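Now for the letters of each chain:
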Amino acid sequence: MISKIGVAVAFFMCFDLCISEIYVLDDEVGLGRVFDGIGGLSGGGATSRLLVDYAEPYRSQILDYLFKPQFGASLHILKVEIGGDAQTTDGTEPSHMHYESDTNFFRGYEWWLMKEAKKRNPNITLIGLPWAFPGWVGRGKNWPYEFPDITASYVVSWVVGAKQYHDLDIDYVGIWNERSFDSNYIKLLRYTLDKSGLERVRIIASDNLWEPITYSVLVDRELANAVDVIGAHYPGTTTIAEALKSQKTLWSSEDYSTFNDPVGGGCWARILNQNYVNGHMTATISWNLVASYYEDLPFGRDGLMTAEEPWSGNYVVESPIWITAHTTQFSQPGWTYLKTVGHLTHGGSYVALTDSEGNLTVVIETMTHDHSVCIRPPLPAFSVTPQNVSFKLNGSFASIRELQLWQSKFDFKRQKHVFFKKLSPIKISNGSFSLSLDVDEVYTLTTINTGQKGSYPDPPPSAPFPKIYKDDFNIANPPFSEAPYFADQTGVFEYNMNLTDPGPHVFTLRQVVTQMPVTWTMDADQTISVIGDYNWQNLTVTCDVFMESVKTGGVFIAARVDKGGQDVRGAKGVFFWVFADGSYKVTNDLVGSTVLAKGLSGTGAYSWYTLSLTVQGQYATGMVNGEQLWKNDVVLGQNNGWAAIGTNSFELAQFDNFVIEVK
């Protein structure tokens, strides 16, 4: 027999769940803002570094999951770093102008990536943003806007080169500096673009915070005319009144930056809807596009998918890919949000978009707080409970009789998540339909019937970096300027053809940055490129080295390097240095303050030397040209890390015949 208390509890539980809240979708009351799309960001910095090293067919498969329409994420926007030879979070990306008199529009991999995106989606929006600049732009100062005409010309030359050498039309350029922005520079950039026949290229500012750019736009008409989009980074789905008052297009021009496990997918689901519901932002761009950098660098696996093992071919299509598809496969830039969007009574949100030609797409999310936390900013408490909802279709949507239905269901209890599953179409009765919503779900209801959950056969299984690895850099026409698997952390190491008395060293890897760049993060005073497996402990690193600075030159090989990215200045490990003044030293840190051994090496500039470093347990041994310099000096502290090469300062130096042997 059921007690009266049990009946009462059941009644009140059913009252919330069984009573259906009604939401109206209506275009006759007017439309909201124009949808500009969802995108991914390659750069800021070097986040796609390992992608180019994948063999086919795996590299193309990854690109299809990102860009191919009606297949995976089907991204509308690709934003890339305009390389500045500087550390910009997870590595450096090369500039198209290392020096003022230098131009080369084939360095790096962003040109290739933009072309691959365009190949799959000719309508994709392309954006370029410089995080840093070569040192010559600042004329000795760590500030890019001291000489705004130089900086504007530098950025515009990248846009011009994209078209001239790659037939790429850049749609937007961003202005960003973590410390501030310069309104005079923005105006001058607009003038320089126009003078170069690039009136169609629009400007995003300040690609950082809502303020102070919004206040400046309100009081400076010339600045307002120059700025097309006000872009914010990690806005927490909110905007400020002044941004709305400006009547400018508002974007979350960098967002997400969250580990791409299911909670990261929940974060992405929540902000894709609520960036518009709460903040009227019409585009959201994920940092980053694809986690294709060593995972132990800062912000490991903070991409829409993971592709960090080109040596094995393994990659992982993570939940954010399919969460993205809930919007991107069923709406396009130029569609319009309805005014009738908002929050659900019992938690969650819904948005609706139309092409004004009879098509309608509705995206609903019910992500709970703990299952949708992003890395930043802090997320205030809120609650979501199961609920029944009904939607009434008014206006031009009243004649719709059926909607396609797609579902993603996060199952954190059993870890049996279901992503982007096509369900039976939902029938519209008397202009209405109803749904029973559980927590941690995403639904798309749409008149578009071309959605597809694309797939390929499983990629190869995950595998560690090879224990024996060799590279002689002997490639006459390398497809990219970077050597496979090397991840530059300060400086730029490029393929080089040595025409000056090369002997056996015709093709080498050369460090080419000779001046501290203009940077927002903390580049080291030394240059360094890491490679391999962060878990390596006992190994031998061998490399031929060639210094090009008389007396002041210095190079190193290293093992057990523990830091990179924006933390590179604090890197520890075992560093074996030789110098052009005939000396050597062994240090436990990149800055060279903890010296384990030192002495004479007989090395000088403009000669090749073979360095060898062996680390075994707590001891290190080193050789030059097969002659032992020291043996069994005690290694302090660091027990594991990457192998590396580098230079003592921003100087020219070459490397060849690189070998790793892990014990």
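Residue positions within a chain follow its written sequence, with the count starting from 1. Only residues with pLDDT of at least 70 get local features here, since the model is predicted, and only at 80 or more are side-chain atom pairs given and counted; chain-wide, interface and lining totals rely on the full set of residues. Excluded from the side-chain calculation are hydrogens and water; included are all heavy atoms of the structure.

For the protein, the name recorded in an unreviewed UniProt entry is Galactocerebrosidase, with Esox lucius as its organism. The heading Subcellular location (unreviewed entry) in the UniProt record of the protein holds the text "Lysosome". UniProt positions are given in the numbering used here, feature names are shortened, and annotations may be inferred rather than shown by experiment. UniProt, in its Function (unreviewed entry) section for the protein, records the words "Hydrolyzes the galactose ester bonds of glycolipids such as galactosylceramide and galactosylsphingosine."

(A) Spatial organisation of the packing of helix 10 (residues 262–277) against helix 11 (residues 319–328). Note on geometry: axes are C-alpha line fits, over the in-contact stretch for helices, and angles between N-to-C directions span 0 to 180 degrees. Helical segments are the DSSP runs of H or I of at least four residues, strand segments are the runs of E of at least two, and each set is numbered from the N terminus. Viewed as axis vectors pointing N to C, helix 10 and helix 11 meet at an angle of 20°, and their least axial separation amounts to 8 Å. The angle between the axes of helix 10 and helix 11 places the two elements in the roughly parallel class. Read as a crossing pair, helix 10 and helix 11 show a hand that is right-handed. Residues Pro262, Gly265, Trp268, Ala269 and Leu272 of helix 10 touch helix 11, and the partners they reach there are Ser319, Pro320, Ile323 and Thr324. Gly is put with the polar residues, along with every residue not named as nonpolar or charged; the nonpolar set is Ala, Val, Leu, Ile, Met, Phe, Trp, Tyr, Cys and Pro, and the charged set is Asp, Glu, Lys and Arg. Counted by class, the contact of helix 10 with helix 11 contains 6 nonpolar, 3 polar and no charged residues. Should an angle fall under 35 degrees it is called roughly parallel, over 145 degrees roughly antiparallel, and 65 to 115 degrees roughly perpendicular, with every other angle called oblique. By the definition used in this description, the sense in which the near helix is turned from the far one sets the handedness, with an anticlockwise turn below a right angle giving left-handed and a clockwise turn giving right-handed. Working rule for contacts: check all heavy atoms of both residues, and any pair within 4.5 Å makes them a contact.

(B) Representation of the UniProt feature "domain: Glycosyl hydrolase family 59 central" (unreviewed entry) in the protein. Taking the UniProt record as the reference, the feature "domain: Glycosyl hydrolase family 59 central" (unreviewed entry) is found at residues 337–452. In residues 337–452, helix accounts for 0% and strand for 46%; the two terminal C-alpha atoms are 23 Å from one another.

(C) Fine view of helix 5 (residues 148–166). Spanning 19 residues, helix 5 covers 27 Å between terminal C-alpha atoms, matching the ideal 27 Å at 1.5 Å per step. Partly exposed residues are those whose accessible area sits between 20% and 50% of the maximum for their type, while under 20% is buried and over 50% is exposed, using a 1.4 Å probe and protein chains only. Taken residue by residue, helix 5 has Ile150, Thr151, Ala152, Tyr154, Val155, Val156, Ser157, Trp158, Val159, Gly161, Ala162 and His166 as its buried positions. Those residues of helix 5 that are buried are in contact with strand 4 (77–81), helix 3 (110–120), strand 5 (125–129), helix 4 (135–138), strand 6 (172–175) and helix 6 (183–195). Following helix 5 by one or two positions, Asp167 adopts a phi angle in the positive range, close to 55°. By definition here, a helix of n residues has an expected span of 1.5 Å times n minus one.

(D) Up close: the state of the cysteines. To count as a disulfide, a pair of cysteine sulfur atoms needs to be within 2.5 Å. All told, the structure shown has 1 disulfide when counted by the stated rule. Across the disulfide from Cys267 sits Cys374; the S-S distance is 2.0 Å. Linking Cys267 and Cys374, the disulfide has an S-S dihedral of approximately 100° and is accordingly described as right-handed. With Cys267 in helix 10 and Cys374 in the loop between strand 16 (360–365) and strand 17 (387–393), this pair connects stretches of sequence that are 107 residues apart.

(E) Expanded view of unusual backbone geometry. Residue Glu211 is joined to Pro212 through a cis peptide bond whose omega torsion reads 10°. Secondary-structure assignment places Pro212 in the loop between strand 7 (202–208) and helix 7 (213–219). A cis amide bond links Trp287 with the next residue in sequence, Asn288, at an omega value of 10°. Inspection of the secondary structure assignment puts Asn288 in the loop between strand 10 (283–287) and strand 11 (306–309). One non-glycine residue with positive phi stands out, namely Tyr234, at about 50°. Turning to its location among the elements, Tyr234 is positioned in the loop between strand 8 (229–233) and helix 9 (241–245).

(F) Region of the structure containing the side chain of Thr336. With respect to the helices and strands, Thr336 occurs in strand 13 (residues 336–338). The exposure class assigned to Thr336 is buried, which follows from its relative accessible area of 9%. Non-local contacts of Thr336, meaning those with residues more than four positions away in its chain, are made with Leu31, Gly32, Arg33, Val34, Phe35, Ala352, Leu353 and Thr354.

(G) Layout of the pattern of salt bridges. The salt bridge criterion pairs a side-chain nitrogen of Lys or Arg with a carboxyl oxygen of Asp or Glu, the two atoms within 4 Å. For the structure shown, the criterion picks out 25 salt bridges. For the salt bridge of Lys187 with Asp220, the shortest nitrogen-to-oxygen distance reads 2.8 Å. In this pair, Lys187 is assigned in helix 6 and Asp220 in the loop between helix 7 and helix 8 (221–226), connecting sequence segments 33 residues apart. There is no split in this pair, since Lys187 and Asp220 are both buried. One continuous salt-bridge network, built from bridges that share partners, spans Asp64, Glu116, Lys119 and Arg120.

(H) How the structure looks around the sheet that holds strand 17. Strands are labelled as partners when DSSP assigns at least two bridges between them. The strand order across the open sheet formed by 3 strands is 1-17-20, and the pairing between neighbours is mixed. Bordering the open sheet on either side are strand 1 (20–25) and strand 20 (432–437), each of which pairs with just one other strand. Direction aside, the axes of adjacent strands within the sheet are offset by 25° on average.

(I) Spotlight on the sheet that holds strand 31 (residues 595–600). Here 7 strands make up an open sheet; going across it, the order is 23-26-35-28-29-30-31 and the pairing antiparallel. Looking at strand neighbours, the two that pair on one side only are strand 23 (487–490) and strand 31, the edges of this open sheet. Sheet twist, expressed as the mean angle between neighbouring strand axes with direction ignored, is 20°.

(J) Looking closely at a nonpolar patch on the surface. On the surface, Tyr619, Val634 and Leu636 cluster together into a nonpolar patch covering about 280 Å² of accessible area. Tracing the backbone through its elements, the reader meets Val634 in strand 34 (residues 627–634). For patch detection, residues must exceed 30% relative accessible area and be free of salt bridges, and they are connected within 9 Å for like charges or within 5 Å for nonpolar side chains (Val, Leu, Ile, Met, Phe, Trp, Tyr). Accessibility throughout is a Shrake-Rupley quantity obtained with a 1.4 Å probe, and a residue counts as covered only by protein chains that appear here.

(K) Structural view of the environment of Tyr109. Structurally, Tyr109 can be placed in the loop between strand 4 and helix 3. Linking Tyr109 and Ser48, residues 61 residues apart in sequence, is a C-alpha distance of 8.2 Å. In this structure, Tyr109 is in contact with Ala46, Ser48, Arg49, Val52, Glu93, Phe480 and Glu482, ignoring residues within four places of it in sequence.

(L) Representation of the pairing of strand 4. With 5 of its 5 residues buried, strand 4 lies for the most part within the structure. Burial of the side chains of strand 4 extends over both faces: Ile77, Lys79 and Glu81 are buried on one face and Leu78 and Val80 on the other. Alignment of strand 3 (residues 37–42) against strand 4, held across 4 bridges, turns out to be parallel. Pairing of Leu41 across the sheet is with Lys79, part of strand 4.

(M) Representation of the packing of aromatic side chains in the model. When two rings of Phe, Tyr or Trp (its six-membered ring) have centres within 6.5 Å they constitute a pair, described as stacked for plane angles under 30 degrees, edge-to-face for angles over 60, and tilted for the intermediate range. Applying the stated criterion across every chain, the model contains 51 aromatic pairs. Between Trp287 and Phe299, the ring centres sit 5.7 Å apart and the planes meet at 85°, which makes this aromatic pair edge-to-face. One end of the pair, Trp287, is in strand 10; the other, Phe299, is in the loop between strand 10 and strand 11, and 12 residues separate them in sequence. Taking the relative accessible area as the measure of exposure, Trp287 reaches 3% and is therefore buried. A connected cluster of aromatic rings, assembled from ring pairs, spans Tyr65, Phe71, Tyr315, Trp322, Phe330, Trp406, Phe420 and Tyr456. When the ring centre of Trp322 is taken as reference, the NZ or CZ atom of Lys453 above it lies at 5.1 Å. Any Lys NZ or Arg CZ that is within 6 Å of a ring centre and within 35 degrees of that ring's normal is treated as a charge sitting over the ring.

(N) Spotlight on the packing of helix 3 against helix 5. Here helix 3 crosses helix 5 at 60°, and the two axes come no closer than 12 Å. As summarised for this structure, helix 3 and helix 5 are arranged oblique, according to the angle between their axes. Between helix 3 and helix 5 lies a crossing whose hand is right-handed. Along the contact surface, helix 3 presents Trp111, Met114 and Lys115, while helix 5 presents Trp158, Ala162 and His166. When the residues that make up the contact of helix 3 with helix 5 are grouped by side-chain class, the tally is 4 nonpolar, 1 polar and 1 charged.

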